[in-house]
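Spelled out from the first residue to the last, the chains are:
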Amino acid sequence: ELKVEQNPLFLSMQEGKNYTIYCNYSTTSDRLYWYRQDPGKSLESLFVLLSNGAVKQEGRLMASLDTKARLSTLHITAAVHDLSATYFCAELRDSNYQLIWGAGTKLIIKP
Amino acid sequence: GAGVSQSPRYKVAKRGQDVALRCDPISGHVSLFWYQQALGQGPEFLTYFQNEAQLDKSGLPSDRFFAERPEGSVSTLKIQRTQQEDSAVYLCASSLGQGIGGYTFGSGTRLTVV
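How each quantity is defined
- Residues numbered from 1 in each chain as written.
- Chains lettered and ligands numbered in written order.
- Predicted model: local features only at pLDDT ≥ 70, side-chain atom pairs only at ≥ 80, totals over all residues.
- Heavy atoms only, no water.
- Helix = DSSP H or I, 4+ residues; strand = E, 2+ residues; numbered from the N terminus.
- Rg over C-alpha atoms; globule rule 2.2 N^0.38 Å.
- Buried < 20%, exposed > 50% of the residue type's maximum accessible area, 1.4 Å probe, protein only.
- Contact = heavy atoms within 4.5 Å.
- Areas by Shrake-Rupley, 256 points an atom, 1.4 Å probe, with all protein chains shown as cover.
- Lys, Arg positive; Asp, Glu negative; His and termini not counted.
- Charge placed at Lys NZ, Arg CZ, Asp CG, Glu CD.
- pLDDT = per-residue confidence, 0-100.
- Salt bridge = Lys/Arg side-chain N within 4 Å of Asp/Glu carboxyl O.
- Pairing = 2+ DSSP bridges.
- Axes fitted to C-alpha atoms, helices over the stretch in contact; angles between N-to-C directions.
- Polar contact = N/O pair within 3.5 Å; in protein donor to acceptor, adjacent residues only side chain to side chain.
- Nonpolar A, V, L, I, M, F, W, Y, C, P; charged D, E, K, R; others polar.
- Disulfide = S-S within 2.5 Å.

Here we look at the overall build of chain A
Point 1. Each helix and strand counted, chain A has zero helices and 11 strands in total.
Point 2. Its helices and strands taken in sequence order, chain A reads β-β-β-β-β-β-β-β-β-β-β from the N to the C terminus.
Point 3. For 111 residues, the compact-globule estimate of 2.2 N^0.38 gives 13 Å, and the C-alpha radius of gyration of chain A, at 13 Å, lies within 12% of that figure.
Point 4. For the C-alpha atoms alone, the extent of chain A along its principal axes is close to 40 × 30 × 20 Å.
Point 5. Residues classed as buried in chain A amount to 46% of the 111 residues present.
Point 6. A sequence separation of at least 24 residues applies to 54% of the contacts in chain A between residues at least 6 apart.
Point 7. As presented, chain A carries roughly 5500 Å² of accessible surface, and 49% of it is formed by carbon and sulfur atoms.
Point 8. Of the side chains in chain A, 12 bear a positive and 11 a negative charge, and the two mean positions are spaced by 3 Å.

This is the structure in structure tokens:
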């Protein structure tokens, strides 16, 4: 069964701290997506990781991909309140168009 | 348009009623997808169009669900005889082609069946 597992599913942290969200996936797909979703809003694309060892950074967020371990991480550095949201990872199914999604990590950053 | 537009934003339907949800993708985007997102969950694939052709409808939960994209642009997701378990957010996404350049999602339609 194709499955994407994220952990933790819920994370409450203080501003200024660092933390990592983990995403394990099951296919041989080499394409992994990270999205952000604010309450009641749609999905905002953060990163597309296309190959083993890929690392992308945008502000306080950094994503990486290890295709051998089938693991992607989203690292948050010196968190700020504005990063509070739910973060999803999704892998591209081998069919090349269907995204398989994790359950999401709800991140709350307290001032 | 600048983004993917979905309407209505919210829909409350009485059980047994038919509903139609509209998606207007980004102009020029060949691929169009419908996803269903239950509360507190990640989206789940429903169906995929390439231009006007529906290439995959394997995710549609029952034959009450029907999607079309007759001219290769606007798409409609229709749900007949709605049931309570159909309550969810229905998301539309488009891309240039098979994820090229990533997927852009609309704001979704929140369907509540009472």
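Topic: the confidence of the model for chain A
In low-pLDDT segments, the atomic positions of the prediction should not be examined closely.
Point 1. Across chain A, the average pLDDT comes to 91, with 95% of residues at 70 or higher.
Point 2. Between the elements of chain A, mean pLDDT differs from a low of 90, seen in strand S10 (residues 99-101) of chain A, to a high of 96, seen in strand S8 (residues 71-76) of chain A.

Side note on the pattern of salt bridges
Point 1. Considering all chains together, one arrives at five salt bridges over all chains under this definition.
Point 2. Notably, a salt bridge pairs Lys3 of chain A with Glu5 of chain A, separated by 3.5 Å at the nearest N-O pair.

Overview of the sheet that holds strand S1 (residues 4-7) of chain A
Residues and elements named next belong to chain A.
Point 1. The strand order across the open sheet built from five strands is S1-S3-S8-S7-S6, with neighbouring strands paired in antiparallel fashion. What marks the edges here is a single partner per strand, and that holds for S1 and strand S6 (55-58). Direction aside, neighbouring strands of the sheet carry axes that sit 15 degrees apart on average.
Point 2. As defined by bridge partners, S6 adjoins strand S7 (residues 61-66) across four bridges and the pair is classed as antiparallel. Counterpart to Val55 in the pairing with S7 is Ser64.

Topic: the interface of chain B and chain A
Point 1. Taken together, the 19 residues of chain B in the interface contact 17 residues of chain A.
Point 2. Put simply, chain B and chain A have zero salt bridges between them.
Point 3. At the surface where chain B touches chain A, the tally comes to five residue pairs in polar contact (both at pLDDT 80 or more).
Point 4. Listed by contribution, the elements that provide at least two residues to the side of chain B that touches chain A are strand S4 (31-37) and strand S5 (44-50) of chain B.
Point 5. Per-element tally for the side of chain B that touches chain A: the top contributor is S4 of chain B, with three residues.
Point 6. Grouping the constituent residues of the side of chain B that touches chain A by class yields eight nonpolar, nine polar and two charged.

Observations regarding the environment of Leu49 of chain A
Point 1. Note that Leu49 of chain A resides in strand S5 (residues 43-49).
Point 2. Residues Leu49 of chain A and Gly104 of chain A lie 55 residues apart in sequence; the distance between their C-alpha atoms is 18 Å.

A closer look at the state of the cysteines
Point 1. Considering all chains together, one arrives at two disulfides over all chains under this definition.
Point 2. Note that Cys23 of chain A is cross-linked by a disulfide to Cys89 of chain A, the S-S spacing being 2.0 Å. With the S-S dihedral at roughly 85 degrees, the linkage between Cys23 of chain A and Cys89 of chain A falls on the right-handed side. Remark: Cys89 of chain A occurs in strand S9 (residues 85-92) and Cys23 of chain A occurs in strand S3 (residues 19-25); sequence separation between them is 66 residues. Of the two residues, Cys23 of chain A and Cys89 of chain A, both sit in the buried class.
Point 3. Paired by a disulfide, Cys23 of chain B and Cys92 of chain B hold their sulfur atoms 1.9 Å apart. An S-S torsion of about -65 degrees defines the bridge between Cys23 of chain B and Cys92 of chain B as left-handed. Taken as a pair, Cys23 of chain B in strand S3 (residues 19-24) and Cys92 of chain B in strand S9 (residues 88-95) lie far apart in primary sequence, 69 residues in all. Comparing Cys23 of chain B with Cys92 of chain B shows no difference in burial state: the two are buried.

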